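Structure at a glance
Chain by chain, the residues run as shown.
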Amino acid sequence: MPTKTLYLAPEGIFPLVGRTSGLTSLGLPFGGTLQGEGLLAGMPSLFIRLAGCNLRCTWTGHGGRTIACDTPQALAVSHGRGSTISELIGTLEGALGALTHLVITGGEPLTQAEGLVTLLKAIRQSPTLRLLHITLETNGTLFNAEVAKSVDLVSLSPKWNATPQGFSSRYIHVLQCWLDAKVLPNSLQLKFVVGSKEDEDQIANDILPHLNLCHHPPILVMPLGATPEELRLSAPYAVAAAIRQNWRFCPRLQVELWGNRAGT
Ligand SMILES: Nc1nc2[nH]cc(C(=O)O)c2c(=O)[nH]1
Ligand code: SF4
Ligand SMILES: [Mg+2]
C-alpha cells in the first residue's frame, strides 16, 4: 500500500487565500509567491513545506554570531499536520490559477520519501497539475531515484557544517547520486549558503573537488541569514566568493521582501 499521508509544516501549501480574510500572507486575493532563491528566483510559484528534517544546521555569521535554521517550524515531524495525498491534490488544483511552478521544500522533503513519491505520481496523473514545473529543495543527505525522475529541478543545497563531524564521504556519495541522476541542463543546481570567507574555503576546498561535476551544474551562492539585517552583513562574503570563484550570486528575495515570514 503506498503511503497516503504527508506531514506538512504549519504553513503547509502556501501562500493560499485565507477563508475569512480573502487574502494570502502577501495580502493578495490569489495564491502564490515568488521563488526567492536559485536559478528560478523571481518565478511565481506555489510552495509545499513538508515537516521533518534530519539535520539541525547552525552557521557562524558575521562577528561570530550563531545563526540557526531559517525554518525552525519545519524541523519536527511531530509538529507536522497530516494531510492525505488527495487533499493535497485538491488544494493544489484549487489554488493554481495561472501558476506553472511548484516548489517542494521543508525541512528535508526526503525524510518522507515514500509519501513524496506518491504525491509526485498523483501530480503527474492530475490533468490540471501534470505539466507543473516542480523544483525540489533538498539538503542532499538522502537520495531517492523515483523522486529524482519525477521532478524538473533539483536544488541541491549541501549543509556541510550541520554536524560536528563535518562533511563525510557518505554525504559526498549521496550528493553524487543526485548529480548523476540529473544530468540535463537546468535539471540541477548546487546552492550554497555563504556568510564568511571560511564558508567559501570549505566549498572550494572540501566539497567541490570531491564531486564529479562533468555535466557542469550551475553553482550558486547566496548570503547567509534569515533576516534582512543578517543578509546585509553576509552579502559581501557571498559577493566576494561569487566573483573570486566564478560562482553565480543569488538573492533570497523572500527574506528581502517579506523578512522570511512563514508562508511567504
Ligand atoms: N518565496 C520563497 N522562496 C523560497 N525558496 C526556497 C525557500 C525555502 O524555504 O526552501 C523559499 C521560501 O520559503 N519562500
Ligand atoms: S537542512 Fe535546511 S531545514 Fe534542515 S536544519 Fe538545515 S537549514 Fe534547516
Ligand atoms: Mg530554506
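Residues numbered from 1 in each chain as written. Chains lettered and ligands numbered in written order. Predicted model: local features only at pLDDT ≥ 70, side-chain atom pairs only at ≥ 80, totals over all residues. Heavy atoms only, no water.

Under an unreviewed UniProt entry, the chain has the name 7-carboxy-7-deazaguanine synthase and belongs to Candidatus [Bacteroides] periocalifornicus. Heading Pathway (unreviewed entry) of the UniProt record for the chain holds this comment: "Purine metabolism; 7-cyano-7-deazaguanine biosynthesis." (UniProt positions renumbered as here; feature names shortened; annotations may be inferred.)

With that settled, consider the pairing of strand 8 (residues 133-138). A regular strand places its side chains so that they alternate between the two faces of the sheet. Among the 6 residues that make up strand 8, 5 are buried, leaving the element largely enclosed by the rest of the structure. Judged from the 4 bridges that link them, strand 7 (residues 101-105) and strand 8 form a sheet pairing that is parallel. When the sheet's bridge partners are listed, Val-103 is paired in strand 8 with Thr-135. Once you follow strand 7 into helix 2 (residues 113-125) and on to strand 8, the crossover reads as right-handed. (Buried < 20%, exposed > 50% of the residue type's maximum accessible area, 1.4 Å probe, protein only. Helix = DSSP H or I, 4+ residues; strand = E, 2+ residues; numbered from the N terminus. Pairing = 2+ DSSP bridges. Right-handed = clockwise from strand over helix to strand, strands pointing away.)

Okay, the site of ligand 2 next. Lining the immediate surroundings of ligand 2 are Cys-53, Leu-55, Arg-56, Cys-57, Trp-59, Cys-69, Thr-71, Leu-75, Gly-107, Asn-139 and Lys-159. Broken down by class, the residue content of the shell around ligand 2 amounts to 6 nonpolar, 3 polar and 2 charged. (Near = heavy atom within 4 Å. Nonpolar A, V, L, I, M, F, W, Y, C, P; charged D, E, K, R; others polar.)

What follows is about the site of ligand 1. In the vicinity of ligand 1, the residues found are Phe-14, Thr-33, Leu-34, Gln-35, Gly-36, Glu-37, Phe-47, Arg-49, Thr-105, Glu-137, Gln-254 and Thr-264. When the free accessible area of ligand 1 is taken as 320 Å², the share hidden by the protein chains comes to 92%. Elements with a contribution of two residues or more to the shell around ligand 1: strand 2 (33-34) and strand 3 (44-50). Each residue belonging to the shell around ligand 1 can be placed in one class, and the counts come to 3 nonpolar, 6 polar and 3 charged. (Areas by Shrake-Rupley, 256 points an atom, 1.4 Å probe, with all protein chains shown as cover.)

Further remarks concern the environment of Ala-181. Here Ala-181 lies in helix 4 (residues 169-181). Taking the C-alpha atoms as reference points, Ala-181 and Val-154, 27 residues apart in sequence, are found 9.8 Å from one another. Here Ala-181 is in contact with Phe-143 and Ala-148, once residues within four sequence places are set aside. (Contact = heavy atoms within 4.5 Å.)

Another point: the nonpolar core. A general feature of soluble globular proteins is that nonpolar side chains tend to end up buried together. In terms of nonpolar packing, the biggest core is built from 65 residues, with Ile-104 and Trp-178 touching the most fellow members. Here the element with the most residues in this core is helix 2; it accounts for 7 residues. Excluding its chain neighbours within four sequence positions, the residues that come into contact with Trp-178 are Leu-110, Leu-136, Gly-140, Leu-142, Phe-143, Asn-144, Val-147, Ala-148, Val-154, Leu-156 and Leu-188. (Core = buried A, V, L, I, M, F, W, Y, C linked by side-chain atoms within 4.5 Å.)

Between Phe-14 and Pro-15 the backbone carries a cis peptide bond, its omega angle lying at -15 degrees. Within the secondary structure, Pro-15 sits in the loop between strand 1 (5-14) and strand 2. For the peptide bond that leads from Gly-106 to Gly-107, omega is 15 degrees, which places it in the cis range. Unlike most non-glycine residues, His-216 shows phi in positive territory, near 55 degrees. According to the relative accessible area criterion, His-216 is exposed, its value standing at 66%. A positive phi is found at Asn-260, a non-glycine position, where the angle reads about 65 degrees. Checked against the element boundaries, Asn-260 lands in the segment after helix 7 (253-258).

All right, on to the pattern of salt bridges then. Counted according to the given criterion, the structure contains 10 salt bridges. Glu-200 is paired through a salt bridge with Arg-244; the nearest N and O atoms lie 2.7 Å apart. One end of the pair, Glu-200, is in helix 5 (residues 197-207); the other, Arg-244, is in helix 6 (residues 228-245), with 44 residues separating them in the sequence. Salt-bridge contacts for Glu-229 lead to Arg-232; the nearest nitrogen and oxygen are separated by 3.1 Å. Of this pair, Glu-229 and Arg-232 are both found in helix 6, 3 residues apart, which corresponds to roughly one turn of the helix. The class for Arg-232 is exposed, based on a relative accessible area of 55%. Residues participating in the shared-partner salt-bridge network are Glu-37, Asp-70, Glu-137, Lys-191 and Arg-252. (Salt bridge = Lys/Arg side-chain N within 4 Å of Asp/Glu carboxyl O.)

Time to look at helix 2. Across its 13 residues, helix 2 extends 18 Å between first and last C-alpha, which sits within 8% of the 18 Å expected from 1.5 Å per residue. Restricting attention to buried positions, one finds in helix 2 the residues Ala-113, Gly-115, Leu-116, Val-117, Thr-118, Leu-119, Leu-120, Ala-122 and Ile-123. For helix 2, the elements touching its buried residues are strand 1, strand 3, helix 1 (85-95), strand 7, strand 8 and helix 3 (145-150). (Expected span 1.5 Å × (residues − 1).)

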